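# Inside the fold
This is what each chain is made of:
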Amino acid sequence: TAESDAASAYMHEAAAARDAAVSRELAAAATAVQVSSEAKEAAVQRELAALAQITELERRARDVDHQKARLERTIHELEAKVREKTILDGAANSMEAARAL
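Residues numbered from 1 in each chain as written. Predicted model: local features only at pLDDT ≥ 70, side-chain atom pairs only at ≥ 80, totals over all residues. Heavy atoms only, no water.

## Quick word on the overall build of the chain
If you tally the helices and strands in the chain, you get one helix and zero strands. The C-alpha extent of the chain, read off along each of the three principal axes, is 150 × 10 × 5 Å. Surface summary for the chain: the accessible area is close to 8,900 Å², and the carbon and sulfur share equals 62%. When the 14 positive and 18 negative side-chain charges of the chain are each reduced to one mean point, those points stand 14 Å apart. (Helix = DSSP H or I, 4+ residues; strand = E, 2+ residues; numbered from the N terminus. Areas by Shrake-Rupley, 256 points an atom, 1.4 Å probe, with all protein chains shown as cover. Lys, Arg positive; Asp, Glu negative; His and termini not counted. Charge placed at Lys NZ, Arg CZ, Asp CG, Glu CD.)

Here it is in structure tokens:
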């Protein structure tokens, strides 16, 4: 009958509308999950980049510390040579003064 055909058509339209709504919701949920996943991945990449930068800065700091220690040793060696030369120059001057007497 026409009424049952209309009711059947209405039921099919309602089911199709429901299926379309469910599909839209699933697509929206999938997009949200994708965006969330991408945001998490981006956050992880930023964190890794920050850690790499920290590691590089720590390496540079160690290099500077080694250079500083090497320079300090060189300074101490030069100071010792200056003291030794001062002592030797003083002794040489004393010997010349003694000869002059």
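## Quick notes on the environment of Leu-71
The topology assignment puts Leu-71 in helix H1 (residues 2-100). Looking at Leu-71, the relative accessible area reads 55%, which means it is exposed. It is 24 Å that separates the C-alpha atoms of Leu-71 and Ile-87, two residues lying 16 residues apart in sequence. (Buried < 20%, exposed > 50% of the residue type's maximum accessible area, 1.4 Å probe, protein only.)

## Some thoughts on the environment of Gln-45
Topologically, Gln-45 is positioned in helix H1. In terms of polar contacts, Gln-45 uses its side chain to reach the side chain of Glu-41, at 2.8 Å. (Polar contact = N/O pair within 3.5 Å; in protein donor to acceptor, adjacent residues only side chain to side chain.)

## Regarding the pattern of salt bridges
Scanning the model with the defined rule gives five salt bridges in all. When the shortest N-O distance is used, the salt bridge between Arg-59 and Glu-56 registers 2.6 Å. Of this pair, Arg-59 and Glu-56 are both found in helix H1, three residues apart, which corresponds to roughly one turn of the helix. Of the residues examined, Arg-59 reaches a relative accessible area of 35% and is grouped as partly exposed. In this structure, Arg-59 and Asp-63 form a salt bridge, with 2.6 Å as the shortest nitrogen-oxygen distance. One end of the pair is Arg-59 and the other is Asp-63, both in helix H1 and four residues apart, which spans about a single turn. Overlapping salt bridges bring together Glu-56, Arg-59, Arg-60 and Asp-63 as one network. (Salt bridge = Lys/Arg side-chain N within 4 Å of Asp/Glu carboxyl O.)

## Section: a nonpolar patch on the surface
Taken together, the side chains of Val-44, Leu-48, Leu-51 and Ile-54 define a hydrophobic patch exposed on the protein surface, amounting to about 340 Å² of accessible area. For Ile-54, the location among the structural elements is in helix H1. (Patch = residues over 30% accessible without salt bridge, like charges linked within 9 Å, V, L, I, M, F, W, Y side chains within 5 Å.)

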